[in-house]
Amino acid sequence: MKKRKLRSRLVFMRITSEKMLVNQQITIFNPTVSEILPLPFLKPMPSDTILIIGSSGQIGLELTDALRKIYGDDRVIAADIKKSPNEKGLYVHLDALDFNAIARTIDRYKVTQVYLLAALLSATAEQKPKLGWKLNMESLFHVLDLAAEKKLKVYWPSSIAAFGPTTPKENTPQMTIMEPASVYGISKQAGERWCEYYHDRYGVDVRSIRYPGLISYKSPPGGGTTDYAIHIFHEALKHGSYECFLKADTMLPMMYMPDAIRATIELMEAPADKIKIRSSYNLAAFSFTPQMLAEEIQKHMPDFKITYAPDFRQQLADSWPRSIDDSAARKHWGWKHQYGLSEMTTDMLNNLKTIAVNNPVSFNQ
Ligand SMILES: NC(=O)c1ccc[n+]([C@@H]2O[C@H](COP(=O)([O-])OP(=O)(O)OC[C@H]3O[C@@H](n4cnc5c(N)ncnc54)[C@H](O)[C@@H]3O)[C@@H](O)[C@H]2O)c1
C-alpha cells in the first residue's frame, strides 16, 4: 500500500514538473536548428488522456512523441493497424473502421481527446477510390459520434486537397470555391462540412487544419502528392540525383513538420472561444516548385541533378492552390510559422546525413 502511494506521488511529481516546464518552453525534437519550441499559452489539463488513431504514420509518429513530452507517456495512447518499430509507449492495435473497438479503447483508458489521423492519402486514394472514401469518412463518423456521446475533444486534419481546379490558386482564401477533383479531396471537403455540423448541432469541440504538403526526415512519406519534397532529399543523399513525378514549375504550399506539429498542438490547446472556424483552418508556411527546391539543395550539394517525369500525380497537384492565405489562423489563435525553405532544407539535409551515418541500414531501406 505504502509502495503504491509512493509510486503515484512520484508520477504526480513527474507530471507536475513536466507541466511547469511546458509553460515556459519545451524541447520537443532532437536539438538541431530551432528545436526549442516556445508554446506560451500551453496549459494542458492534467486530467486529459489522448488517443491518437493512425499513430504510426508520418504525422502520427511525431505528434505522439510531442504529446507524450507534454502530457506524459501514460496519458497518450498510440493506436494504428500497424505498429511502428519506433513505438515504445502505450500502444493498442485499433482499426479506425471498428466503432466498437474505438469505443472500448476510449472507455478503457478514459480518453478525453482523440486525434484521428488514419486516412488514405491523395495518391493512394486515387488507386483505391472506394476504400479511400470508406476509410476517410467512416472513421470520422465513428469519432464524431463517440465525441458527441462522450463529450470528447477531437482533432481531425483536412488538406489543401479540399480545394479544386476552380479555386483561386494564389493566396487561396479561407472561404472560397471548393470543388475538389480527387477522391481524397472530396473526402476532406465532406469531412470539413461534417465537423462543422457536429459542432453546431451537437456541440462537439472538433478542431481542424488544412495541412499543406508536410516535409519530415523522421518517417517515410505515406503516399501523398507532395511527397516528392521528401523523396528528393533521400535520393540526393543516396544517389546525387532525383527523378521528380511533378513538372519543374509546379508550385505548391508546403510546411516543415516541426511547424505542423506545433500548429496542431497550439490549435488544440487554444481556448475554445478563439476557435471561430469549425470546418478547418487554412495554414501556410512557404510555397516552392521542384526546381526551386532542387536549387536550394544544390547550394549544399552543387553536383545534385534533378530530372522530371510527370505522372498521374501532376493532375492532382495542378488542381491545388499555389499559395494559401492563413490570416484567419494567425488572427484567431496566433499561428506563426518558423521555418522557411532554406531553414527547412538545411535541417533536412543535416538530420538525414546524421541518420545515414548512425543508422545506415534503415536509411538505405
Ligand atoms: N502528410 C501530409 O503531407 C498531409 C497533408 C495534408 C493532410 N494530411 C492528413 O493528415 C493525416 C495523417 O497523414 P499522414 O501523412 O501521417 O498519413 P500516413 O499515411 O503516413 O499515416 C496514416 C496512418 O494511418 C494508419 N491507418 C490506415 N488505415 C487505418 C485503419 N483502418 N485504422 C487505424 N489506422 C489506420 C496507417 O497504418 C498509417 O500509420 C491524414 O488525415 C492526412 O489526410 C497529411
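Details of the structure are given in the entry above.
Residues numbered from 1 in each chain as written. Predicted model: local features only at pLDDT ≥ 70, side-chain atom pairs only at ≥ 80, totals over all residues.

Turning to the sheet that holds strand β14 (residues 281–282), a few remarks are in order. A sheet is described by the order of its strands in space; here 3 strands give the open sequence β8-β10-β14, paired in parallel fashion. On the outer flanks of this sheet lie β8 (158–159) and β14, each paired with one strand and no other. Where strand β10 (residues 209–211) and β14 come together, 2 bridges link them in parallel fashion. Note on β14: the bridge partner recorded for Arg 210 is Asn 282. (Pairing = 2+ DSSP bridges. Helix = DSSP H or I, 4+ residues; strand = E, 2+ residues; numbered from the N terminus.)

This paragraph deals with the environment of Ala 123. Positionally, Ala 123 belongs in helix α4 (residues 122–127). Put simply, Ala 123 and Asp 227 are 104 residues apart on the chain and 9.7 Å apart in space, counted from C-alpha to C-alpha.

This next bit is on the packing of helix α3 (residues 99–109) against helix α5 (residues 129–150). Relative to each other, α3 and α5 sit at 40°, their axes nearing to 10 Å. Taken as axis vectors, α3 and α5 run oblique relative to one another. Of the two elements, α3 crosses α5, and the hand of that crossing is right-handed. The segment α3 lies against α5, with Phe 99, Ile 102, Ala 103 and Ile 106 engaging His 142, Val 143, Leu 146 and Lys 150. For the contact of α3 with α5, the residue count by class is 6 nonpolar, 1 polar and 1 charged. (Axes fitted to C-alpha atoms, helices over the stretch in contact; angles between N-to-C directions. Parallel < 35°, antiparallel > 145°, perpendicular 65-115°, else oblique. Left-handed = near helix turned anticlockwise from the far one by under 90°. Contact = placed C-beta atoms within 7 Å. Nonpolar A, V, L, I, M, F, W, Y, C, P; charged D, E, K, R; others polar.)

Right, let's get into the packing of helix α2 (residues 58–71) against helix α8 (residues 257–269). As a packed pair, α2 and α8 sit with axes 10 Å apart at the nearest point and diverge in direction by 55°. With respect to each other, α2 and α8 are oriented oblique. Here α2 runs over α8; the crossing is right-handed. Residue-level contacts link Glu 62, Leu 63 and Ala 66 of α2 to Met 257, Ile 261, Thr 264 and Ile 265 of α8. In the contact of α2 with α8, the residues fall into 5 nonpolar, 1 polar and 1 charged.

Before going further, it helps to spend a moment on the nonpolar core. Membership of the largest hydrophobic core comes to 95 residues, with the highest contact counts inside it found for Ile 52, Ile 53, Leu 116 and Val 154. For this core, the element with the most residues is α8, which contributes 7 residues. Excluding residues that lie within four positions of it along the chain, Leu 116 makes contacts with Ile 53, Gly 54, Ser 139, Leu 140, Val 143, Val 154 and Trp 156. (Core = buried A, V, L, I, M, F, W, Y, C linked by C-beta atoms within 7 Å. Buried ≥ 20, exposed ≤ 12 C-beta atoms within 10 Å, placed from the backbone.)

A word on unusual backbone geometry. Phi at Lys 110 is positive, roughly 55°, even though this residue is not glycine. With respect to the helices, strands and loops of the structure, Lys 110 is situated in the loop between α3 and β6 (113–116). The exposure class assigned to Lys 110 is exposed, which follows from the 10 C-beta atoms found within 10 Å. You will see that Lys 151, though not glycine, has its phi angle at about 60°, which is positive. Counting through the fold element by element, Lys 151 comes out in the loop between α5 and β7 (153–155).

Another aspect to go through is the sheet that holds strand β15 (residues 286–288). Spatially, 3 strands are ordered β11-β13-β15 in an open sheet, and the strand pairing comes out mixed. If you trace the sheet from one side to the other, it starts and ends with β11 (213–215) and β15, each paired once. With direction set aside, neighbouring strand axes in the sheet form an average angle of 45°. As judged from the 3 bridges shared by β11 and strand β13 (residues 252–256), these two strands associate in the parallel manner. Its bridge partner lying in β13, Gly 213 is registered against Met 254. Across the face of the sheet, α8 comes into contact with β11 and β13 while running at roughly 80° to β13.

The end-to-end C-alpha separation of helix α7 (residues 228–239) is 15 Å, in line with the 16 Å expected for 12 residues at 1.5 Å each. What α7 keeps buried is the set Tyr 228, Ala 229, Ile 230, Ile 232, Phe 233 and Ala 236. At the C-terminal side of α7, Gly 240 shows a positive phi close to 75°. (Expected span 1.5 Å × (residues − 1).)

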